[in-house]
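A closer look at the structure
Next come the chains, spelled out residue by residue.
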Amino acid sequence: ACLFSVSSVSQEVMTRSAGVAEYLGLLGSFGAFISCVQVVALSELPVAVAALREGTVVLLILGNAISLALCYSLGSVLCVWSSAVMMTLSFMTSDLYSLLIGALLFHDHLSPLYLFSFLLVIVGLL
């Protein structure tokens, strides 16, 4: 949680000082480089080739890449419009909304602490 906060605040500083386009360009460049290093260092070629032959794995990787790209693109725009604190609290609120919807769909019993934490997040947003 602490490193996510550092990341959010540094994202806000970068987007406000350099602009969204430069921030996303640098993020993509460094992210591609780090990903290539990780693939070379950690992958076992026969396992990777066998896993990629299945269409499900490729679709899962593609879905993850698209969702991360949307998260970082829209997150930088949100940092320009508001602040890193608002972005973090909004992410926390989305988790609580998913919990509530899951409880309604699957008829699980919610602890009162979940509702109390939801109230604290809403108060933090205001």
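Look above for the structure.
No experiment lies behind these values; they were computed from the predicted model shown.

**A short note on the pattern of salt bridges**
Within this structure, the stated rule accounts for one salt bridge. The shortest N-O distance in the salt bridge between R16 and E12 comes to 3.2 Å. Here E12 and R16 lie together in helix α1 (residues 2-17), a separation of four residues that amounts to about one turn. By relative accessible area, R16 is classed as partly exposed at 47%. Of the residues examined, E12 reaches a relative accessible area of 17% and is grouped as buried.

**Remarks on α1**
An α-helix turns once per 3.6 residues; consequently, residues spaced three or four apart project the same way. The end-to-end C-alpha distance of α1, which contains 16 residues, comes to 23 Å, matching closely the 22 Å that a straight helix rising 1.5 Å per residue would cover. Where α1 is concerned, the buried positions are S8, Q11, E12 and T15. Down the axis of α1, the smallest arc covering the buried residues is 100°, so these residues share one side. The exposed residues of α1 that point more than 90 degrees off its buried face are C2, L3, V13 and S17. Looking at the buried residues of α1, the elements they touch are α2 (20-42), α4 (55-81) and α5 (84-106). Directly after α1, the chain includes G19, whose backbone phi takes a positive value near 105°.

Rules used in this analysis
- Residues numbered from 1 in each chain as written.
- Predicted model: local features only at pLDDT ≥ 70, side-chain atom pairs only at ≥ 80, totals over all residues.
- Heavy atoms only, no water.
- Salt bridge = Lys/Arg side-chain N within 4 Å of Asp/Glu carboxyl O.
- Helix = DSSP H or I, 4+ residues; strand = E, 2+ residues; numbered from the N terminus.
- Buried < 20%, exposed > 50% of the residue type's maximum accessible area, 1.4 Å probe, protein only.
- Expected span 1.5 Å × (residues − 1).
- Arc of directions from axis to C-beta.
- Contact = heavy atoms within 4.5 Å.

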